[in-house]
Amino acid sequence: MDVLENGIFCACMTAMGLRLAEGVLPMARFSKQIRTLFMTFLLICMLRPLVGLELSSVVQEVPIMDISEELSAMGEAARCEAVAQSIRKSLDAELHAHHVECEVAEVAVHITEEGGIVIDEVWITGSTLTGTVYLREWLDEGVKITPRKEASE
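Residues numbered from 1 in each chain as written. Predicted model: local features only at pLDDT ≥ 70, side-chain atom pairs only at ≥ 80, totals over all residues. Heavy atoms only, no water.

**Observations concerning the pattern of salt bridges**
As enumerated under the stated definition, the model contains three salt bridges in all. Asp-92 is the partner of Arg-88 in a salt bridge, and the nearest nitrogen-oxygen pair spans 3.7 Å. Of this pair, Arg-88 and Asp-92 both sit in helix α4 (residues 64-97), four residues apart, which is roughly one turn of that helix. Residue classification places Asp-92 among the buried residues on the basis of a relative accessible area of 12%. Between Arg-148 and Glu-106 there is a salt bridge; the shortest N-O distance is 3.0 Å. A residue pair is termed long-range when its members are at least 10 positions apart, and Arg-148 in the segment after β3 (144-147) and Glu-106 in strand β1 (residues 102-111) qualify at 42 residues. (Salt bridge = Lys/Arg side-chain N within 4 Å of Asp/Glu carboxyl O. Helix = DSSP H or I, 4+ residues; strand = E, 2+ residues; numbered from the N terminus. Buried < 20%, exposed > 50% of the residue type's maximum accessible area, 1.4 Å probe, protein only.)

**Section: the sheet that holds strand β2 (residues 117-126)**
Judged by pairing direction, the sheet is mixed, and its three strands sit side by side in the order β1-β2-β3 without closing on themselves. Of all strands in the sheet, those with a lone pairing partner are β1 and β3, marking the two edges. Pairwise comparison of adjacent strand axes, ignoring direction, gives a mean angle of 20° for this sheet. As paired elements, β2 and β3 share four bridges and run parallel to each other. Residue pairing across strands places Ile-124 opposite Pro-147, the latter belonging to β3. Packed onto the sheet, helix α5 (residues 128-138) meets β1, β2 and β3 and runs at close to 155° relative to β2. (Pairing = 2+ DSSP bridges. Axes fitted to C-alpha atoms, helices over the stretch in contact; angles between N-to-C directions. Contact = heavy atoms within 4.5 Å.)

**Re the packing of aromatic side chains**
Aromatic ring pairs: the centre-centre distance and the angle between the two ring planes describe each pair. Evaluated as defined, the whole model comprises one aromatic pair. Ring centres 5.7 Å apart and planes at 45° place the aromatic pair Tyr-134 and Trp-138 in the tilted group. In this pair, Tyr-134 and Trp-138 both sit in helix α5, four residues apart, roughly one turn of the helix. (Phe/Tyr/Trp six-rings, centres within 6.5 Å; stacked < 30°, edge-to-face > 60°.)

**Focus: the environment of Ser-86**
On the secondary structure map, Ser-86 appears in helix α4. Look at Ser-86 and you get partly exposed, because its relative accessible area is 43%. Residues Ser-86 and Val-107 lie 21 residues apart in sequence; the distance between their C-alpha atoms is 9.4 Å.

**Quick word on the confidence of the model for the protein chain**
Per-chain confidence: the protein chain averages 78 in pLDDT, with 71% of residues scoring 70 or above. Between the elements of the protein chain, mean pLDDT differs from a low of 49, seen in helix α3 (residues 55-60), to a high of 91, seen in β3. (pLDDT = per-residue confidence, 0-100.)

**Remarks on the nonpolar core**
With 19 residues, the main nonpolar core has Val-107, Val-109, Ile-119 and Val-122 as its most contacted residues. Every element with two or more residues in this core is listed here: α4, β1 and β2. For this core, the leading source of residues is α4, giving six residues. Sequence-distant contacts of Val-122, that is, excluding residues within four places in its chain, are made with Val-104, Glu-106, Val-107, Leu-135, Leu-139, Val-143, Lys-144, Ile-145 and Thr-146. (Core = buried A, V, L, I, M, F, W, Y, C linked by side-chain atoms within 4.5 Å.)

Right under this line is the structure:
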């Protein structure tokens, strides 16, 4: 019985809200949007008791923290990838500017809690000995420089 009373109460309040909105807002400009919005709401209020849906249980099933953590991790990974590509292109440009026949194939980086960028490892192809000498000059000594076999070999 409570469900039926709640349904009738919601329908009456929706109809009253529609009449109020029609009286306050300019009729010619927003009438279709207001009617559509309120009729949808009225239909939901009337059908809810019949279907037996509990809207609160639908909202509680969404793991908001899991989604937030997953999106944060994806954003962090994308940011690291963008930084790594930018560093790779810069190192490549410097090697070519010094006429070194070496290319930076990949750069592994991570971003610290404070927002600092740390280069973990650099993979190079081509003249790896000369490339390593130049890269040791430009990068921190803790950075691992690894030769990578070219695809043609």
